Amino acid sequence: MTVLSVQTASRCQLVSITEQVSRAVEQSGIKQGICVVYVPHTTAGVMINENADPDVRHDILSHLERMVPFECSFRHVEGNSAAHIKSVLVGHSVTLIVEKGALVLGRWQDVYFAEFDGPRRRLVYVRVVGSPG
Ligand code: ZN
């Protein structure tokens with residue numbers, strides 16, 4: 001397993017981790033298989049989405065904020081229930097196809113770490129499973 005470290009810079013942020021995940025796939029030596037990207041946090045997540053227009057990332061975060069406003073009457077004493085809920089909505093893992101030793105992604109796709117309670121230093125687990133030939 002490869003452990004990535006991601007430093008986020010604001011409370012809510014989408015950080016592309018495609019390059020780091022691609023590097024982990026290359027270093028695994030696996031040529032054909034799958035790559036699981038897993039976020040071991042309860043106030044963050046991971047998603048695949050558009051890498052071309054940064055307004056898409058903005059719209060995703062602003063709409064999630066409208067759906068689950070940070071300032072709301074929640075019971076959880078930490079005061080970050082909105083981040084926990086967004087984390088559940090986005091999910092904690094994505095599975096990618098590995099072909100010829102590389103990630104298979106659509107032309108407009110990137111893998112994004114989704115921060116909902118930053119800024120913080122976060123971890124991402126990457127596991128590549130398959131055959132070396
Ligand atoms: Zn909490």
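One structure accompanies this document, and this report is about it. (Residues numbered from 1 in each chain as written. Predicted model: local features only at pLDDT ≥ 70, side-chain atom pairs only at ≥ 80, totals over all residues. Heavy atoms only, no water.)

**A word on the overall build of the chain**
Scanning the chain from N- to C-terminus turns up three helices and eight strands. When the elements of the chain are put in sequence order from the N terminus, they spell out β-β-α-β-β-α-α-β-β-β-β. Taking 14 Å as the expected radius of gyration for a compact globule of 133 residues, we find that the chain reaches 16 Å, a close match to that expectation. In terms of overall dimensions, the chain has a C-alpha envelope of 55 × 30 × 20 Å along the principal axes. Counting all 133 residues of the chain, 37% fall into the buried class. Taking contacts inside the chain between residues at least 6 apart in sequence as the whole, the part at least 24 apart equals 82%. If you sum the accessible surface of the chain, you get close to 7,300 Å²; carbon and sulfur atoms cover 53% of it. Each charge sign in the chain was given a centre, from 13 positive and 13 negative side chains, and these centres are 6 Å apart. (Helix = DSSP H or I, 4+ residues; strand = E, 2+ residues; numbered from the N terminus. Rg over C-alpha atoms; globule rule 2.2 N^0.38 Å. Buried < 20%, exposed > 50% of the residue type's maximum accessible area, 1.4 Å probe, protein only. Contact = heavy atoms within 4.5 Å. Areas by Shrake-Rupley, 256 points an atom, 1.4 Å probe, with all protein chains shown as cover. Lys, Arg positive; Asp, Glu negative; His and termini not counted. Charge placed at Lys NZ, Arg CZ, Asp CG, Glu CD.)

**A look at the side chain of Asn80**
As for its placement among the helices and strands, Asn80 is situated in the loop between helix H2 (54-67) and helix H3 (81-90). Asn80 sits in the buried class, given a relative accessible area of 5%. Here the side chain of Asn80 touches His84 through a polar contact of 3.2 Å, side chain to side chain. Within the structure, the side chain of Asn80 is placed 2.8 Å from the side chain of Asp117, a separation counted as a polar contact. Not counting the four nearest positions on each side in its chain, Asn80 is found in contact with Thr43, Phe70, Asp117 and Arg120. (Polar contact = N/O pair within 3.5 Å; in protein donor to acceptor, adjacent residues only side chain to side chain.)

**Quick notes on the packing of aromatic side chains**
This structure, assessed with the given rule, holds zero aromatic pairs. Taking NZ or CZ as reference, Arg11 lies 3.5 Å from the ring centre of Phe70, over its face. (Phe/Tyr/Trp six-rings, centres within 6.5 Å; stacked < 30°, edge-to-face > 60°. Lys NZ or Arg CZ within 6 Å of the ring centre and 35° of its normal.)

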